[in-house]
Amino acid sequence: MNTTAPRSFQEIILRLQSYWAAQGCAVLQPYDMEVGAGTFHPATTLRALGSRPWAAAYVQPSRRPTDGRYGENPNRLQHYYQYQVLIKPSPANLQDLYLGSLAAIGIDAGLHDIRFVEDDWESPTLGAWGLGWEVWCDGMEVSQFTYFQQVGGHDCKPVSGELTYGLERLAMYVLGIDHVMEMPFNDPDAPIALKYGDIFRQTEQEYSRWNFDQADTEMLLKHFEDAEAECERILAAQPEDKAGRRIVMAHPAYDQCIKASHLFNLLDARGVISVTERQAYIGRVRALAKKCADAFVTTEAGGGVAA
Amino acid sequence: MPDLLIELFSEEIPARMQAKAREDLKKLVTDGLVEAGLTYRGAQAFSTPRRLTLAIEALTAESRAVREERKGPATTAPEAALQGFLRSTGLTLDQLEVRDAGKGQAYFAVIEKPGRKAAEIIAEVLEATIRTFPWPKSMRWGSGTLRWVRPLHSILCLLTDDHGSEVVELNIDGIASGDTTRGHRFLSPDSFAVTGFDDYAAKLKRAHVILSSEDRAEHIWHDATNMAFASGLEVVEDKGLLTEVAGLVEWPVVLMGKIDDDFLGLPPEVLQTSMKEHQKFFSCRNPKTGRIEGFITVANNATADHGATILKGNQKVLSARLSDAKFFWENDLRTVDQVGMEGMAAGLANVTFHNKLGSQADRIGRIEALAREIAPLVGAAPDLAAEAARVAKADLQSAMVGEFPELQGTMGVYYARAAGLPEAVANACKAHYQPLGPSDDVPTEPVSVAVALADKIDTLTGFWAIDEKPTGSKDPFALRRAALGVIRLVLMGDLRCNLADLLEHGLDLNVVATAKAGHLGKRQRLKSNFNGVEGEGETLTRFVAFNNGKMIWMPDTEDSVREAWVGGKLVRVRTPSSFEMVKDYEGEEAVAPAGSIAGDLLSFFHDRLKVHLKDQGIRHDVIDACLAMPGNDDLTLLVKRAEALAAFLKTDDGENLLQGFKRANNILTQAEEKDGVEYSFGADPKFAEDATERTLFDALDAAEAAIAPAMKSEDFTAAMSAMAALRAPMDAFFEAVQVNTDNAVVRRNRLNLLSRIRAICLSVADLNRIEG
């Protein structure tokens, strides 16, 4: 194992990739849609369902429009990265595997204080919950560790173990950086050394302005309704296609669910959703997520059909 | 006799669940063992973040054999009876004995239950305990179906006696019991075998695990106070935090750090709350200045650099957190500076308090009106009380309280001072929430008392107006606590007021609020007669508000209500203060107004008062005797009377007088029932035949002369001791005289005399209600 300290943001990502690859995970690529967290990737949400074993790791760019601060806040971003690991069934040594990943990025358990502090996870939009911890390193939360109990209203059998690393925060800690924009993205000695801010300061400004002031709320509302309608339409379609093949379209439907969820987040950032409406919107997205989960478990990948 | 050691080793158990889990493990296992026929000398349960341990001392090695004999049917009985007997005993015919049973032969069953080995029983009991353990939240993991608080990894179950130790065999969902455990996750990760409890505890200690949470807490507190002392500071005591932290570590290493100078200007409560909530740090105070200058963090790891890296990391996280807090603090101070406290409170108009009772700003308006009314009763200037009411909840709009809700009130005091408001107003920001429970301090500053009472009366009348009263164990709005708060404020402050009037006023305000909230979009239809809001139509313009039959509000729009359904009758409104019934509602029978809401709320207060006084040793019947008297909404007076009566009844005179009163009352009541008249007037000493009778007349004259002024000046003790003086003459009278004599004139005179006794006694309290 590489015992030297990593020097850049990307080196931390690369080390996590090779560490989890070495543990047998399929290293996937990010999902090509706007999501609020790595959990939304179908490789987690849908694959946590059903009986078939699964092991995947990936980086997921995540968007939280309300967290935008025009690139000025040292820790808050509207676009950031999560590193996500999902293994089903959860192996007995998952905690040890996790600690191994910290060692891989230069966190020596002999020198630090690593703690598993109760933190139960719940996603009202996904109809999902699990028990686990937030992991503290010297008093800072560096990961979320969850044993999924339910997703989309379905009991998880077997149970998946999910690890989520907030990459910027973790990397800033490992690299000793105080402002995210100052963090080296690539090797600081590279001929063209780039900092996080060189890549993202301008986009943070642009998106903050759009998210908070400019996004067309009427259009967003319409898109939300469209996505909702399309999701339901897809799932209501006959399971057999015109050639008589059974093809349940769980994934295309779930894409629409993800879209609706992100549109809701954008509407929220524009401040056009009142406190009482909020719950209703979350309930609508949850209803979609549940229907997608219902559909997925009837498919082959969902364990509903013998492979 | 063997000792038993059980350890359930898992992934990290939430700290807050450990104490109950220890107790549950001990109870479930020991109860199960005892039920199966084993006994033991002692049991002790322990917990660390990763293990639950139970040590049972001197357990019996096996349960005793039980021999049971049962008589069955006669040998001549029908076959069915025999079959039934065989089924119920689980035996076959050849296992039964036939014996002489007096009247012929009968079958007998002799059932012998052999003693069972302890190990067998333990395995059963432990498995049942694990499978049914009452965790507040439990989970599955991997492919299994077993539930535990977090994944369960190993089970140690060991019986140890003089000859050595033996593993109690059990296997639960693939987890086989054994005699091994593990040490600290990082400092001593290897597994090792143990032979019994002493060996276990000693080896754990070598493996960097302190088994007992009390020992860990003691260790933390000892090191923390020493370190703070060495820096001239003192640790702010926090028992809850200490217990929690002791549940987060197996090998506590106490580290101390300084708070950056940048943050020393923050209020100590802010530093304390931020450090505790976010990082589980203890605060260290400078005893000279009262400022929080340092922190204690407890690590679960002993490192080569003696915690330097850990401390540095924690310090960094703290700085980020405190920068946030400082940002909030400075922002809030700027707001107060620019727009004042009332400006800060402005946003509360957009915060819903309850959808039937309007916004927080509406609520503050009601509290202000009530505080103005209460102020003169508690010696506060009405304008000052009103101002305090307007600003007391302003800090709910501050950034700091948004982040730390538990600092509500506390921040208000700081911000009100910064805004240059009078000290009495500033203090009310925090004190008006008090008392928060039966042991919390009761505010004494008049302005605070006025707002505290107004706040609670508004809450109570509001939820009574919308019929959200506590039921059984459900009291989501903490209304019992609010009522007790009012009671304690009144009693501690020795306040004299007619609570019923205040409740009526609070109800008026809240019923109007429900009407207005209805007006804003929520349709209300409260069915209690003449109480609440009635209206019709989807436009919701036709609403009026009533309280106890009196119309108290109508919309002031052009086409405002002219007709409304109230209590099953169509009411035509003439002016805001008069209305007439027009017709019945869909022919339903009109119901006469029931008891008022305020009356119902007052009885709720009386119930809370009974509980409160019972805790102070005053019997419920004594309270009832006083509640039956007029003016029972003046709680101070009520309690004064109850205390005097309770004290009086504890004396010999009191007890005997009570018996005398009851005797007089019984004779009188019986005579009145028999004669169908009321003997209430005209007892004349000239008809007295006996000396004791004349003495009683004199005594009654004296008592009346003494009691009337005493009652007038509310000196219940004096009134009761005057009453006590009746005891001897009454006793003598009953001894010497027969009331129901043949002489009708004398009899009537004596009955009228008894009536005087009754009247005098009842003027002090309703002694009929005293038991015994």
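Refer to the structure presented above.
Residues numbered from 1 in each chain as written. Chains lettered and ligands numbered in written order. Predicted model: local features only at pLDDT ≥ 70, side-chain atom pairs only at ≥ 80, totals over all residues. Heavy atoms only, no water.

With that out of the way, let us pick up the interface of chain B and chain A. Facing the 36 residues of chain B at the interface are 36 residues of chain A. Between chain B and chain A, roughly 2900 Å² of surface is buried when both sides are summed, and carbon and sulfur atoms account for 53% of that area. The three residues of chain B that bury the most area against chain A are Arg-140, Arg-150 and Phe-186 of chain B, which together make up 21% of that side's buried surface. Where chain B packs against chain A, one counts five salt bridges. (Contact = heavy atoms within 4.5 Å. Buried area = accessible area lost by both parts, 1.4 Å probe. Salt bridge = Lys/Arg side-chain N within 4 Å of Asp/Glu carboxyl O.)

Below, the discussion takes up the layout of surface pockets. Residues and elements named next belong to chain B. By volume, the second largest pocket is sized at about 480 Å³. Looking at the second largest pocket, it is lined by 19 residues, and the ones nearest its centre are Arg-363, Asp-455, Thr-459, Phe-477 and Arg-481. Secondary structure elements with two or more residues in the lining of the second largest pocket: β17 (352–354), α9 (360–378), α14 (446–465) and α15 (479–492). Per-element accounting of the lining of the second largest pocket gives the leading share, four residues, to α14. Classifying every residue of the lining of the second largest pocket by side-chain character gives nine nonpolar, five polar and five charged. (1 Å grid on protein atoms, 1.4 Å probe; cavity = no way out; pocket = protein on both sides within 12 Å on 5 of 7 lines; lining within 4 Å. Points joined across faces, edges and corners; volume = space filled by probe spheres on them. Helix = DSSP H or I, 4+ residues; strand = E, 2+ residues; numbered from the N terminus. Nonpolar A, V, L, I, M, F, W, Y, C, P; charged D, E, K, R; others polar.)

Below, the discussion takes up the sheet that holds strand β15 (residues 282–285) of chain B. Residue and element names in this part refer to chain B. Taken in spatial order, the four strands make up an open sheet running β13-β15-β16-β14, and their pairing is antiparallel. For this open sheet the edge positions go to β13 (234–235) and β14 (253–258), each flanked by a neighbour on one side alone. Bridge count between β15 and strand β16 (residues 292–299): four bridges; the pairing is antiparallel. Bridging across to β16, Ser-283 finds its partner in Phe-295. The strands touched by helix α5 (residues 213–230) are β13, β14, β15 and β16; relative to β14, the strand with the most contacts, the crossing angle is about 30 degrees. (Pairing = 2+ DSSP bridges. Axes fitted to C-alpha atoms, helices over the stretch in contact; angles between N-to-C directions.)

Here we take up the sheet that holds strand β5 (residues 97–100) of chain B. Residues and elements named next belong to chain B. Spatially, the three strands line up as an open sheet ordered β4-β6-β5, and their pairing is antiparallel. Either end of the sheet is taken by a strand with one partner, and the two such strands are β4 (66–74) and β5. Neighbouring strand axes in the sheet, compared pairwise and without regard to direction, differ in orientation by 35 degrees on average. Here four bridges tie β5 to strand β6 (residues 105–113), and the two strands are oriented antiparallel to one another. From the neighbouring strand, Glu-97 faces β6, where its bridge partner is Phe-108. The sheet strands contacting helix α2 (residues 79–89) are β4 and β6, and the helix crosses β4 at an angle near 165 degrees.

What follows deals with the pairing of strand β1 (residues 3–10) of chain B. Residue and element names in this part refer to chain B. Counting buried residues in β1 gives seven out of eight residues, a clear majority hidden from the surface. With eight bridges connecting them, β1 and strand β7 (residues 152–161) associate as antiparallel partners. Counterpart to Leu-5 in the pairing with β7 is Leu-158. Bridge count between β1 and strand β3 (residues 51–57): six bridges; the pairing is antiparallel. Residue pairing for β3: Phe-9 is matched across the bridge by Arg-51. (Buried < 20%, exposed > 50% of the residue type's maximum accessible area, 1.4 Å probe, protein only.)

Any link to function would need more than the numbers given here.
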